[in-house]
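The residues making up each chain are set out below.
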Amino acid sequence: MKSQTNAVIQAIFKRRSIGRLKKPGPSEAELITILRSGAAAPDHKLTRPFWFVVFEGRAREEFGTVMVESLMKRAAAENFTPTQGQIEKERSKFLRAPLVIAVVAIRHRDIHVPDQEIISAGAAAAQNMLIAATSLGFGSIWRTGSAAYDTEVKLALGVREDDFVIGFLYFGSLDDGLELQPNDPELSAIVSVWEG
Ligand SMILES: Cc1cc2nc3c(=O)[nH]c(=O)nc-3n(C[C@H](O)[C@H](O)[C@H](O)COP(=O)(O)O)c2cc1C
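Residues numbered from 1 in each chain as written. Predicted model: local features only at pLDDT ≥ 70, side-chain atom pairs only at ≥ 80, totals over all residues. Heavy atoms only, no water.

## Re the nonpolar core
- Phe55, Phe63, Phe94, Leu157, Phe168 and Tyr170 are the most contacted members of the largest nonpolar core, which has 20 residues in total.
- Within the residue set of this core, elements represented by two or more residues are strand E1 (50–56), helix H3 (58–78), strand E2 (99–105) and strand E4 (164–172).
- Apart from residues no more than four positions distant in its own chain, phenylalanine 94 is found in contact with Phe55, Arg60, Phe63, Met67, Val100, Phe168 and Tyr170.
- Core analysis: the next-biggest nonpolar cluster, separate from the first, contains 18 residues, Ile34, Val113, Phe138 and Ile166 among them. (Core = buried A, V, L, I, M, F, W, Y, C linked by side-chain atoms within 4.5 Å. Buried < 20%, exposed > 50% of the residue type's maximum accessible area, 1.4 Å probe, protein only. Helix = DSSP H or I, 4+ residues; strand = E, 2+ residues; numbered from the N terminus. Contact = heavy atoms within 4.5 Å.)

If you want it as structure tokens, here you go:
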């Protein structure tokens, strides 16, 4: 890692996607810190286009019903029959971590903000949450999948069809001794300097 660093920069590089996260999840106070970090993201025109839905404990199982119902509707519309394995996978998705936060970017009904900027603000909120959780010592992963684009799921989350599910963020503890390499890509492939 680069020598110039501080706690925020360390958390940025320490964050990696972890598929399976165990208990304990963030405490009530840590959850509030994570949510406040999300809400502190920038947004154009100050419409605060954020909607966060928290799932812990049994709520994760209960939302599995919504996930399965939406899968079945998609399957019917697209004319395929999900296997029992696919159905059970969908039902248990939120059980892969003790805490899941659905991050939704919502349209303002009166003030026009371009879609790109609503989604950008939502993504900034999601990333703020991941960095805050990393800094608090938790693992995380940002997931989407078909459910993120599904009208049934959006309505169940309390938003409208034309709002944007930015992702389902999973949070929890890592296996002891898990060593993760920082995600620190080579800059030459992605940076160009405009020579004045
Ligand atoms: C918008 C978005 C959606 C993602 N959806 C998924 C997903 O559905 N399943 C998954 O395993 N990872 C998902 N990821 C995580 C990426 O796979 C991961 O960030 C990428 O492989 C880089 O690895 P890192 O996060 O460990 O640096 C998503 C990331 C973003 C930004």
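The structure having been displayed, the exposition proceeds.
## Comments concerning the site of the ligand
- All residues adjacent to the ligand are Arg15, Arg16, Ser17, Ile141, Trp142, Arg143, Thr144, Gly145 and Asn183.
- In the model, an oxygen atom of the ligand is placed 3.4 Å from a nitrogen or oxygen of the arginine 143 side chain.
- In the model, an oxygen atom of the ligand is placed 2.6 Å from a nitrogen or oxygen of the asparagine 183 side chain.
- Relative to its unbound accessible area of 620 Å², the ligand is 54% covered by the protein chains. (Near = heavy atom within 4 Å. Polar contact = N/O pair within 3.5 Å; in protein donor to acceptor, adjacent residues only side chain to side chain. Areas by Shrake-Rupley, 256 points an atom, 1.4 Å probe, with all protein chains shown as cover.)

## Re the packing of aromatic side chains
- Following the criterion strictly, the structure yields six aromatic pairs and no others.
- Relative to phenylalanine 94, the ring of phenylalanine 63 lies with its centre 5.2 Å away and its plane at 15 degrees, an arrangement referred to as stacked. Taken together, the positions of phenylalanine 63 in helix H3 and phenylalanine 94 in the loop between helix H4 (84–91) and E2 put the pair 31 residues apart, joining distant regions of the chain.
- Note on phenylalanine 63: relative accessible area 7%, which makes it buried.
- On the accessibility criterion, phenylalanine 94 (2% relative accessible area) is buried.
- Note that arginine 143 overlies the ring of tyrosine 170, its terminal NZ or CZ placed 5.3 Å from the centroid. (Phe/Tyr/Trp six-rings, centres within 6.5 Å; stacked < 30°, edge-to-face > 60°. Lys NZ or Arg CZ within 6 Å of the ring centre and 35° of its normal.)

## Some points on the pattern of salt bridges
- All told, the structure shown has 13 salt bridges when counted by the stated rule.
- Glutamate 90 is the partner of lysine 93 in a salt bridge, and the nearest nitrogen-oxygen pair spans 3.2 Å.
- Given a relative accessible area of 7%, glutamate 90 falls into the buried group.
- The salt bridge partner of arginine 107 is aspartate 162, with a shortest N-O separation of 3.5 Å. (Salt bridge = Lys/Arg side-chain N within 4 Å of Asp/Glu carboxyl O.)

## What about the packing of helix H1 (residues 7–14) against helix H5 (residues 115–135)?
- Direction vectors running N to C along H1 and H5 enclose 105 degrees, while the axes themselves pass 9 Å from each other. As judged from the angle between their axes, H1 and H5 are roughly perpendicular. Residue-level contacts link Ala11, Ile12 and Lys14 of H1 to Ile131, Thr134 and Ser135 of H5.
- A breakdown of the residues in the contact of H1 with H5 according to their chemical character gives three nonpolar, two polar and one charged. (Axes fitted to C-alpha atoms, helices over the stretch in contact; angles between N-to-C directions. Parallel < 35°, antiparallel > 145°, perpendicular 65-115°, else oblique. Nonpolar A, V, L, I, M, F, W, Y, C, P; charged D, E, K, R; others polar.)

## A word on the environment of alanine 59
- As for its position among the elements, alanine 59 is in helix H3.
- On a C-alpha basis, the gap between alanine 59 and leucine 95 in space is 9.7 Å, while along the polypeptide they are 36 residues apart.

## Examining the packing of H3 against H4
- Between H3 and H4, the least distance of the axes is 7 Å, while the angle of their chain directions is 140 degrees. The angle between the axes of H3 and H4 places the two elements in the oblique class. Between H3 and H4, the residues in contact are Gly64, Met67, Val68, Leu71, Met72 and Arg74 and Gln86, Ile87, Glu90 and Arg91, respectively.
- Its residues placed into classes, the contact of H3 with H4 shows five nonpolar, two polar and three charged.

## A few points about the side chain of serine 173
- Relative to the elements of secondary structure, serine 173 occurs in the segment after E4.
- There is a polar contact of 2.6 Å between the side chain of serine 173 and the backbone oxygen of proline 24.
- Setting aside its immediate chain neighbours within four residues, serine 173 contacts Leu21, Lys22, Lys23, Pro24 and Phe138.

## Things to note about the sheet that holds E1
- If you trace the four strands from one edge of the open sheet to the other, you get E1-E2-E4-E3, paired in antiparallel fashion. The open sheet has two free edges, formed respectively by E1 and strand E3 (139–143), since each of these has just one partner strand. Sheet twist, expressed as the average angle between the axes of neighbouring strands with direction ignored, equals 20 degrees.
- Examined bridge by bridge, E3 and E4 share five bridges and lie antiparallel to one another. Note that in E4 the partner of glycine 139 across the bridge is glycine 172.
- Against the sheet, helix H2 (residues 28–39) touches E1, E2 and E4, its axis set at about 160 degrees to E1. (Pairing = 2+ DSSP bridges.)

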